[in-house]
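Listed below are the residues making up each chain.
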Amino acid sequence: MFLFLPPHSQEYNIHYYLNHVYKILKSIGLSWITSRSKHPRQSLETQAEFKKTHF
């Protein structure tokens, strides 16, 4: 598991596991949003060509 150390965590001895951070965010009405991952073999040239021929 990933351990999240907020600022000043050493000073106040505070640490959270990432799963708990999700629960804290949910309890205050927020969510954790991440960007969509990219395929390792994606080709920007191929995408540009596709857009030219299909749109």
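In short, a report on the structure. These numbers come from a predicted model, not from an experiment. (Residues numbered from 1 in each chain as written. Predicted model: local features only at pLDDT ≥ 70, side-chain atom pairs only at ≥ 80, totals over all residues. Heavy atoms only, no water.)

## Some words on the overall build of the protein
Step number 1: In terms of regular secondary structure, the protein is built from three helices and two strands.
Step number 2: Traced from its N-terminal end to its C-terminal end, the protein shows the element sequence β-α-β-α-α.
Step number 3: The dimensions of the protein, computed from C-alpha atoms along their principal axes, are 60 × 25 × 20 Å.
Step number 4: For the protein, the residues scored as buried account for 9% of the 55 residues in total. (Helix = DSSP H or I, 4+ residues; strand = E, 2+ residues; numbered from the N terminus. Buried < 20%, exposed > 50% of the residue type's maximum accessible area, 1.4 Å probe, protein only.)

## Re the packing of aromatic side chains
Step number 1: Using the criterion set out here, one finds one aromatic pair in the structure.
Step number 2: Considering the side-chain rings of Tyr22 and Trp32, the 5.5 Å spacing of their centres and the 85° angle between planes classify their relative orientation as edge-to-face. Taken as a pair, Tyr22 in helix α2 (residues 18-27) and Trp32 in the loop between α2 and α3 (44-54) lie far apart in primary sequence, ten residues in all.
Step number 3: For Tyr22, a relative accessible area of 36% corresponds to the partly exposed category. (Phe/Tyr/Trp six-rings, centres within 6.5 Å; stacked < 30°, edge-to-face > 60°.)

## Quick notes on α2
Residues three or four positions apart in an α-helix share a direction because the helix packs 3.6 residues into each turn.
Step number 1: Along α2, the positions that sit buried rather than exposed are Leu18, Val21 and Leu25. For α2, the angular spread of buried residues about the axis comes to 45°, placing them on one side. Exposed and oriented more than 90 degrees from the buried face of α2 are Lys23, Lys26 and Ser27.
Step number 2: Against β1 (3-4) and β2 (16-17) lie the buried residues of α2. (Arc of directions from axis to C-beta. Contact = heavy atoms within 4.5 Å.)

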